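Chain and residue survey
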Amino acid sequence: MQSTMNAYEIETWLRETDPIRLEMLWKQADLIRAKEVGDQVHLRGLIELSNICRRQCLYCGIRAGNSALTRYRLTNQEVLDAARKAIQFEYGSIVIQSGEDAQLDPENIARLIRQIKGETDLAITLSLGERSIEDYHLWKQAGADRYLLRFETSNRRLFQVIHPAWKHDRLNSNDRLQLLRELRGLGYEIGSGVMVGIPGQSYTDLTNDLLLFRELNLNMIGSGPFLLHPQTPLGQLFLADRGTGLLQVTEWTKEQRAFFEQNDLPVLAIDDQVAHSDQLAFKVIALARLLCPRANIPSTTAIATIDRENGRKMGLSRGANVVMPNLTPLQYRRFYEIYPNKAASYETPEETHAQMLQHLAAIGRIPGKGRGDSR
Ligand code: SAH
């Protein structure tokens, strides 16, 4: 079990069900985490800038086609106030995330970055989707440090289907691997990751995702369970476990088969479909830690969503070293609904913060000091 693991070994772990063997995987991931990145857990304050999005991703609740959603965009003042909260809570960094909001003025974002940098020592991570290289460059010049852009799945056909390109994309712009290379070239720390349990995603795909994490030499790796949102095409076509939002399949329906066939995707044998377990999300965290020992790996909100009480703590005990407490003002939070029942949708930043500290204390870990740059 080490960073030289090959595809066969990875896939074997992904399919492993023996609790005793799995305990070994969790232990090993936790050990490597402690050795390579230590006991500090970096807190990154998440600011959800806008839920306005021009895309029609089949998985995402804030897709343009979801007309049931109230849309919002934070003002610079609101973002600044949230950044000040990060300072007050002693976080070392903030993450500014948003839908692909065409009205976000790049110059204004640059101004905002300069303002935050002028006032604080916070590291700034952006996660604003696919933009022009000029925008990425402008924001780097303004002082942004990191960029998060998940490739979602390394299965190219599956990605094209669930994340349709649109007419205004620059050439191949939805080639997220190319964008990640550009971002690295501009000097950003880069983060990427995947959703675990997308309909049509096989164990082999997920194995390739993990190998790609290593190949890309990512500074940050964020992954979490795919959760079905009822106001999305995938949510309407695939059955969710009502309690968790996780995909539940024992057999594909006629409509589901037709969906795969019409989109030139293979109809997977049920045994090959990645699905129905929160354990799989933990396996991806643990294996990511083994493959990329020094990466910053968050225990994500999606994991906290499927197990409110223990999800975050379990992620941190199985390889993760980062959490992203939500700093979005309470009145907007419920509208950044990329999936249903999102954890912390009805809390104030103060409440979320207090809960994070409790989680860390419960597992004997300490809040990180400083920006938590990638080693
Ligand atoms: N517009 C930005 C930010 C998207 S939200 C971008 O596309 O990069 C951040 C992440 O949430 C996405 O990258 C995706 O991996 C995750 N996400 C979106 N919908 C989800 C769902 N239904 N279940 C689980 N994760 C989801």
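Structure: above.
Heads up: these notes are all about the structure in this document. (Residues numbered from 1 in each chain as written. Predicted model: local features only at pLDDT ≥ 70, side-chain atom pairs only at ≥ 80, totals over all residues. Heavy atoms only, no water.)

Comments concerning the overall build of the protein chain
Counting secondary structure elements, the protein chain contains 15 helices and 10 strands. Its C-alpha atoms give the protein chain a radius of gyration of 19 Å, near enough to 21 Å, the size a compact globule of 375 residues would have. C-alpha extents for the protein chain along the principal axes are approximately 55 × 45 × 40 Å. Looking at the protein chain as a whole, 58% of its 375 residues are labelled buried. Of all intrachain contacts in the protein chain linking residues separated by at least 6 positions in sequence, the fraction that spans at least 24 positions is 75%. For the protein chain, the computed accessible surface area is about 15,500 Å², with 49% contributed by carbon and sulfur atoms. Here the protein chain holds 45 positive side-chain charges and 45 negative ones, and the gap between their average locations is 3 Å. (Helix = DSSP H or I, 4+ residues; strand = E, 2+ residues; numbered from the N terminus. Rg over C-alpha atoms; globule rule 2.2 N^0.38 Å. Buried < 20%, exposed > 50% of the residue type's maximum accessible area, 1.4 Å probe, protein only. Contact = heavy atoms within 4.5 Å. Areas by Shrake-Rupley, 256 points an atom, 1.4 Å probe, with all protein chains shown as cover. Lys, Arg positive; Asp, Glu negative; His and termini not counted. Charge placed at Lys NZ, Arg CZ, Asp CG, Glu CD.)

Some remarks on the nonpolar core
Side chains of a nonpolar character, in soluble globular proteins, are inclined to be buried together. Core analysis: the biggest nonpolar cluster contains 102 residues, and Ile-94, Ile-116, Leu-126, Trp-139 and Phe-213 have the highest contact counts within it. Element by element, the count of residues in this core is highest for helix α11 (residues 278-291), at 10 residues. Sequence-distant contacts of Ile-116, defined by excluding residues within four places in its chain, comprise Val-79, Leu-80, Ala-83, Ile-94, Ile-96, Leu-122 and Ile-124. (Core = buried A, V, L, I, M, F, W, Y, C linked by side-chain atoms within 4.5 Å.)

Looking at the environment of Gln-355
Mapped onto the elements of the fold, Gln-355 is located in helix α15 (residues 349-362). Residue Gln-355 is classed as partly exposed on the basis of its relative accessible area of 32%. Considering only alpha carbons, one finds Gln-355 and Arg-146, 209 residues apart in sequence, at a separation of 26 Å.

Remarks on the site of the ligand
Neighbouring the ligand are 17 residues, the closest being Ser-98, Arg-150, Glu-152, Arg-176 and Leu-227. In the environment of the ligand, a nitrogen atom lies 3.0 Å from a nitrogen or oxygen atom belonging to the backbone of Tyr-59. One of the side-chain N or O atoms of Arg-150 is found 2.9 Å from an oxygen atom in the ligand. In the complex, the protein chains occlude 93% of the 560 Å² of accessible area that the ligand would expose alone. Looking at side-chain class alone, the shell around the ligand contains 10 nonpolar, 4 polar and 3 charged residues. (Near = heavy atom within 4 Å. Polar contact = N/O pair within 3.5 Å; in protein donor to acceptor, adjacent residues only side chain to side chain. Nonpolar A, V, L, I, M, F, W, Y, C, P; charged D, E, K, R; others polar.)

A short note on the pattern of salt bridges
This structure, assessed with the given rule, holds 25 salt bridges. In this structure, Glu-36 engages Lys-35 in a salt bridge whose closest nitrogen and oxygen atoms are separated by 3.4 Å. The class for Glu-36 is buried, based on a relative accessible area of 14%. In this structure, Arg-176 engages Glu-100 in a salt bridge whose closest nitrogen and oxygen atoms are separated by 3.9 Å. (Salt bridge = Lys/Arg side-chain N within 4 Å of Asp/Glu carboxyl O.)

Focus on α11
Taking 1.5 Å as the rise per residue, α11 with 14 residues should run 20 Å; its terminal C-alpha atoms sit 20 Å apart, in good agreement. The element α11 is extensively covered by neighbouring structure, given that 12 of its 14 residues are classed as buried. Where α11 is concerned, the buried positions are Leu-280, Ala-281, Phe-282, Lys-283, Val-284, Ile-285, Ala-286, Leu-287, Ala-288, Arg-289, Leu-290 and Leu-291. (Expected span 1.5 Å × (residues − 1).)

Remember that the coordinates give geometry; whether it matters functionally is a separate question.
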